[in-house]
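# Breakdown of the fold
Below are the chains, spelled out letter by letter.
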Amino acid sequence: MNERDSAPGGLALVEALVNTLDVETGADTLATADGCAALAIAEPDVPAARALREALRAVCLAHAGHRPPGPGPVAELDRLLADVPLRVTVDEEGAASLRPTEEPPGLTARVAVAVAGASADGTWARLKVCEAADCRWAYYDRSPAGRRRWCSMSVCGARAKMRTYRAKRG
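Structure report, in brief. Worth saying up front: this structure is predicted, and the values here are computed from it rather than measured.

A few words on the overall build of the chain. Of regular secondary structure, the chain possesses 6 helices and 4 strands. Every one of the 170 residues in the chain was classed for burial, and the buried ones make up 36%. Summarising the internal contacts of the chain: among those between residues at least 6 apart in sequence, 50% fall at separations of at least 24. Put simply, the chain shows about 9,600 Å² of open surface, and 55% of that area lies on carbon and sulfur atoms.

Further remarks concern the layout of surface pockets. One number sums up the size of the largest pocket: a volume of about 180 Å³. Contributing to the lining of the largest pocket are 13 residues, with Ala 48, Gly 106, Leu 107, Thr 108 and Ala 109 lying nearest its centre. Of all the secondary structure elements, the ones that give two or more residues to the lining of the largest pocket are α3 (46-63) and α5 (107-121). It is α5 that contributes the most residues to the lining of the largest pocket, 3 residues altogether. Taken together, the residues that form the lining of the largest pocket break down as 8 nonpolar, 2 polar and 3 charged. Counted as a void, the second largest pocket has a volume near 150 Å³. Taken together, Pro 8, Gly 9, Gly 10, Leu 11, Leu 13, Arg 110, Val 113, Ala 114, Gly 117, Ala 118, Asp 121 and Thr 123 make up the lining of the second largest pocket. Among the secondary structure elements, those contributing two or more residues to the lining of the second largest pocket are α1 (11-18) and α5. Among the residues forming the lining of the second largest pocket, the class breakdown is 6 nonpolar, 4 polar and 2 charged.

Turning next to the pairing of strand β1 (residues 86-90). Where β1 meets strand β2 (residues 96-100), 5 bridges bridge the pair, whose relative direction is antiparallel. Residue pairing for β2: Val 88 is matched across the bridge by Leu 98. Counting the residues between successive antiparallel strands, the hairpin from β1 to β2 contains 5 residues, one of them, Gly 94, with a positive phi of roughly 90°.

Rules behind the numbers
Residues numbered from 1 in each chain as written. Predicted model: local features only at pLDDT ≥ 70, side-chain atom pairs only at ≥ 80, totals over all residues. Heavy atoms only, no water. Helix = DSSP H or I, 4+ residues; strand = E, 2+ residues; numbered from the N terminus. Buried < 20%, exposed > 50% of the residue type's maximum accessible area, 1.4 Å probe, protein only. Contact = heavy atoms within 4.5 Å. Areas by Shrake-Rupley, 256 points an atom, 1.4 Å probe, with all protein chains shown as cover. 1 Å grid on protein atoms, 1.4 Å probe; cavity = no way out; pocket = protein on both sides within 12 Å on 5 of 7 lines; lining within 4 Å. Points joined across faces, edges and corners; volume = space filled by probe spheres on them. Nonpolar A, V, L, I, M, F, W, Y, C, P; charged D, E, K, R; others polar. Pairing = 2+ DSSP bridges.

As far as function goes, none of this settles anything; it's purely spatial.
Structure representation (structure tokens):
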């Protein structure tokens, strides 16, 4: 549904994970071998990946200004990331970065590194979920003011504006 480029850096992984579920049709690419391969996860890891996906969706929806009632959905991401084994590494130039301690790193560890990096560089809050309840597609908000509401103005935005227009006329 997204008509723009994918999110920058590690946020592309987060965006791809959230977008493994098409809310409108119910199609879940995590139910396929290709979908799992794209995220480098094994079939036994799918339930955990789905829980992570929905926690990320809730946080990205909050980034778009739609906070769920109570702390539950957003606090779930904090709970899922709490025990991820990470460490700070420093390179020859003295630059520090966060790295998973396990090899190969699991999906949750890779997401944790992406979220931490995006938080540090100020891009995390620009990863949002479409306001349309029948869409909920993740997108990276590149608008100057950072106030975009829909994944696609030509589809979800146009539908919302048409509903508003019809409600005013009727």
